[in-house]
Amino acid sequence: MATFLYKLGRLSFRRRHLVALIWVALLTLAGVGAASAPAAGNSSFSIPGTEAQKAFDLLEQRFPGTSADGATARVVFKAPDGEKMTDPGNRATVQDTVKELSDGSEVVRVTDPYRAKAVSKDGTIAYAQVSYKVSGMELDDAAKDALENSAQDARKAGLTVEIGGDALQAVPHTGSSEVIGIAVAAVVLVITFGSLVAAGLPLLTALIGVGIGVSAITGLASALDLGTTTSTLAMMIGLAVGIDYALFIVSRYRAELAEGREREEAAGRAVGTAGSAVVFAGLTVVIALVGLSVVNIPMLTKMGVAAAGTVAIAVLIALTMVPALLGHAGRKVKPMGEKGKLLGRAKKPATPQKPNLGTRWASFVVRRPVAVLLLGVIGLGAAAVPATSLELGLPDDGSQPTSTTQRRAYDLLSEGFGPGFNGPLMVVVDANDSDDPKAVFAETGDEIKGLKDVVTITPAQPNEVGDTATITVIPGSKPSSVTTENLVHGIRDAGADIKADTDANVLVTGSTAMNIDVSEQLNDALVPYLVLVVGLAFLLLIVVFRSILVPLKAALGFLLSVMAALGAVVAVFQWGWLSDLMGVEQTGPVMSMMPIFMVGVVFGLAMDYEVFLVTRMREAYVHGEKPAQAVVTGFRHGARVVTAAAVIMMAVFAGFIGSSESMVKMIGFGLAIAVFFDAFIVRMAVVPAVLALLGRRAWWLPRWLDRALPNVDVEGEGLRTRTDRGDENRELVRA
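Scoring rules and cut-offs
Residues numbered from 1 in each chain as written. Predicted model: local features only at pLDDT ≥ 70, side-chain atom pairs only at ≥ 80, totals over all residues. Heavy atoms only, no water. Helix = DSSP H or I, 4+ residues; strand = E, 2+ residues; numbered from the N terminus. Buried < 20%, exposed > 50% of the residue type's maximum accessible area, 1.4 Å probe, protein only. Contact = heavy atoms within 4.5 Å. Salt bridge = Lys/Arg side-chain N within 4 Å of Asp/Glu carboxyl O. Core = buried A, V, L, I, M, F, W, Y, C linked by side-chain atoms within 4.5 Å. Phe/Tyr/Trp six-rings, centres within 6.5 Å; stacked < 30°, edge-to-face > 60°. Lys NZ or Arg CZ within 6 Å of the ring centre and 35° of its normal. Pairing = 2+ DSSP bridges. Axes fitted to C-alpha atoms, helices over the stretch in contact; angles between N-to-C directions. Expected span 1.5 Å × (residues − 1). Arc of directions from axis to C-beta. Patch = residues over 30% accessible without salt bridge, like charges linked within 9 Å, V, L, I, M, F, W, Y side chains within 5 Å. Areas by Shrake-Rupley, 256 points an atom, 1.4 Å probe, with all protein chains shown as cover. Lys, Arg positive; Asp, Glu negative; His and termini not counted. Charge placed at Lys NZ, Arg CZ, Asp CG, Glu CD. pLDDT = per-residue confidence, 0-100. Parallel < 35°, antiparallel > 145°, perpendicular 65-115°, else oblique. Nonpolar A, V, L, I, M, F, W, Y, C, P; charged D, E, K, R; others polar.

Bringing the overall build of the chain into the picture now. For the chain, the count of helices and strands is 23 helices and eleven strands. Every one of the 735 residues in the chain was classed for burial, and the buried ones make up 55%. Considering only contacts within the chain whose residues lie at least 6 apart along the sequence, 79% involve residues at least 24 apart.

What follows is the structure in structure tokens.
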């Protein structure tokens, strides 16, 4: 592989105009496609195989035209102090609002609070429910404006009016902190390279790669039913790895120049050596992201595949466009150790420099491996302690900031009707195979009434044929509580008994039941996903490092990182530590997809640093250095660059903490803190300590396995032999 990539790097350097033109053309083509593609709405959220999804599908079939998955809005009214909603003036205002809401073209129905008995017992709070034909993200702006205007008119009459539900759902924005993250990355690159040109190359190539990836996602969003968070994840991951991969190529190029090689030769060797690490690091990220498909949640699968495509683009750009731009930059990119005029040192120092920080740190770890190992493991273990109280759930209006109308509507409904009113359960009774459907509907209602935590149920509402009915159940607890989850399982257990007696199917659905099913499916998929992703990456790393213990150590180190990161997420988003600093206005359960998502993404990113740092160590080891010295050599060449890459990745991820979407905010924080733990504690402390303790045993591989594995030559041994022969031939010609 090193030889092939060496040739590719030299070709890209020589044909730099053509290579740069091809990538610019691809960016233009993707941009035109995105601009001309039809606008895509919200991705349809379905969970194949779950009971809640089966009930939704049955409703679409048996209750045609009801738009079971359409947007809903609850317009909540509260009377002024000393008044009631049943007072004539307040009643007239509400009925005028209901009439106004009914005029929308996308409105299916609007319930009158007085006819639907949607007035609280004390008479101070009432609500009208609006049902739409399409989902909240597909709802046009005119319908949302009409909803807000009607509420404003009622406010002018003296009522307190708030709107809950998903009808006002908006596209999340990331805020200015994303730009700050890129700015931090630029500063780190300038400090690392001491040159604006060298620092600008990774940023430029990363932005081009992300531009192509996100534009392609936007262009295909309508055809492939991609949601808004799909491009957000692709941007987040693509930008981080794009900068890092280009950073490693440019750094190796400068190191080759410092050894006296011509620029084209240096570009070829940089791509042949560091490029090999880029390929395998990219493969681990792609495996982790594509592996999300085993969860069998279409939205998560699309997010993973789209982000994996953006990572693949970042790898290709690092291998081709980076050497092409290095050719364009010429002498503006200085050899390693020679700073540009930006930092006031245009010439390489004549006196030998003292060992860099990476060398000094690695030497210390090699001398004190046990102490460093224990300190790192105990520290990460302490950070992981909060993860033992992890509570999972999906966000609802109760997790919104108190400044939003959705949250205020949620609180008003809890005040007037009880906390469970915000999470009603819809029970669908399919009596198509029963002899007496009406009796089945009545029996089902009676069974549900007798369950614990049921406040009230509505009479069964059959369809026109009379073979299917819906029953609305109001729990006594809030939607995200364990008590409500137990009630859902209790209804399903009762439904199993009814099925045995009457052949009728009883299904529980609604947003609360759907959230419960999603959480359970994610929990069930976590172990198979972990085995698949870690297993495939373990095999890949055996090929890369030609060792058993090094990949095993890498996997165990990753588990430490991800558990510590989950502990930090629990401390901030569930316990409320540093919540003001992070902009977390409302604490609550951790998003149910967070553990499996962090396992996938953090594993891929963790293997990046493992590959980049340890391949340098193995390169030194196979070239004759002792194991302890190879660790120091790997840090001398790689620690500065890995540190810069980690800081950049943390800055990019932290930029998404400013998002208005709680899921994006949590993902941004979780990935940023996970990179910190993995890069600076696991890879910079635990890894060298373990390698120092293992010595030569770290690179042990059974002979039969050594013969069976393909030789991918990540260290560039074949490349070194090739170029050394070339140097000898040139010397003979000169002689």
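Attention now goes to the pattern of salt bridges. Summed over all chains, the structure comprises 19 salt bridges. In this structure, the salt-bridge partner of Arg 10 is Glu 265, at a minimum N-O distance of 3.1 Å. With Arg 10 in helix α1 (residues 2–14) and Glu 265 in helix α9 (residues 263–290), this residue pair connects regions lying 255 residues apart in the sequence. For Glu 265, a relative accessible area of 16% puts it in the buried group. When salt bridges with common partners are traced through the structure, they connect Arg 252, Glu 256, Glu 259, Arg 261 and Arg 269 into a single cluster.

Attention shifts here to the nonpolar core. Ile 237, Tyr 245, Leu 300 and Phe 653 are the most contacted members of the largest nonpolar core, which has 165 residues in total. When neighbours within four sequence positions are excluded, Tyr 245 is seen to be in contact with Val 278, Ala 281, Gly 282, Val 285, Val 311, Ala 314, Val 315, Ala 318, Asp 608 and Phe 612. Formed by 26 residues, the second largest nonpolar core is a distinct cluster that contains Val 107, Leu 139, Ala 154 and Ile 163.

All chains considered together, the criterion is met by nine aromatic pairs. Arranged with centres 5.1 Å apart and planes meeting at 70°, the rings of Tyr 127 and Phe 421 form a pair that is edge-to-face. You can see Tyr 127 sitting in strand β3 (residues 125–132) and its partner Phe 421 sitting in the loop between α13 (405–417) and β6 (425–430), a full 294 residues away along the chain. Phe 421 matches Tyr 127 in its accessibility class, with the two residues each being buried. Taken together, a centroid distance of 5.7 Å and an interplanar angle of 35° make the contact between Trp 361 and Phe 364 tilted. Taken together, the positions of Trp 361 and Phe 364, both in helix α11 (residues 357–367) and three residues apart, correspond to about one turn of that helix. Through successive ring pairs, a cluster of aromatic residues spans Tyr 127, Phe 417 and Phe 421. The side chain of Arg 91 reaches across the aromatic face of Tyr 114, ending 4.4 Å from its centre.

You can see Ala 35 is positioned in helix α2 (residues 16–36). Counting along the chain gives 180 residues from Ala 35 to Ser 215, while the straight-line C-alpha distance between them is 8.4 Å.

Along the chain, Val 19 falls in helix α2. Of the residues examined, Val 19 reaches a relative accessible area of 14% and is grouped as buried. Taking C-alpha positions, Val 19 is 9.4 Å from Pro 323, a pair spaced 304 residues apart along the chain. In this view, Val 19 contacts Ser 12, Thr 320, Met 321 and Ala 324; residues no more than four positions away in its chain are not counted.

Okay, the sheet that holds strand β1 (residues 72–78) next. The four strands lie next to each other as β2-β3-β1-β4, forming an open sheet whose pairing is antiparallel. The open sheet has two edge strands with one neighbour each: β2 (107–110) and β4 (160–165). Each strand of the sheet is rotated relative to its neighbour by a mean of 20°, with strand direction disregarded. Alignment of β1 against β4, held across six bridges, turns out to be antiparallel. Pairing of Ala 73 across the sheet is with Gly 165, part of β4.

Bringing α1 into the picture now. In this model α1 runs 18 Å from its N-terminal to its C-terminal C-alpha over 13 residues, within 8% of the 18 Å that 1.5 Å per residue would give. When α1 is considered as a whole, its buried residues turn out to be Ala 2, Leu 5, Tyr 6, Gly 9, Ser 12 and Phe 13. One side of α1 holds all its buried residues, which, seen down the axis, span an arc of 130°.

This part covers a negative patch on the surface. There is a patch of like negative charges on the surface, built from Asp 446, Glu 447, Asp 493, Asp 497 and Asp 501. At the level of elements, α14 (437–449) and α15 (482–502) are the ones that each hand at least two residues to the negative patch. Here the negative patch gets three residues from one element, more than from any other, and that element is α15. Given the relative accessible area of 39%, Glu 447 is considered partly exposed.

We now examine unusual backbone geometry. With a phi angle near 55°, Lys 117 is a residue other than glycine that sits in the positive phi range. By the element assignment, Lys 117 lies in the loop between β2 and β3. Backbone geometry at Arg 546 places phi at a positive 50°, although glycine is not the residue there.

Within the chain, residue pLDDT values average 83, and 90% of them lie at 70 or more. For the chain, per-element mean pLDDT is lowest for helix α23 (residues 717–734), which scores 50, and highest for helix α12 (residues 369–384), which scores 94. A low-confidence stretch, residues 343–347 stays under pLDDT 50, and its non-local contacts, those more than four residues away or across chains, total nine contacts.

Helix packing geometry: the angle between the two helix axes and the distance between the axes. Where α9 meets helix α10 (residues 298–329), the closest approach of the two axes is 9 Å, and the angle between their N-to-C directions is 180°. Viewed along their axes, α9 and α10 adopt a mutual orientation that is roughly antiparallel. Contacts between α9 and α10 involve Ala 267, Val 271, Gly 275, Val 278, Val 279, Gly 282, Val 285, Val 286, Leu 289 and Val 290 from the first element and Gly 304, Val 305, Ala 307, Ala 308, Val 311, Val 315, Ala 318, Leu 319 and Pro 323 from the second. Across the contact of α9 with α10, the residue classes break down as 16 nonpolar, three polar and no charged.

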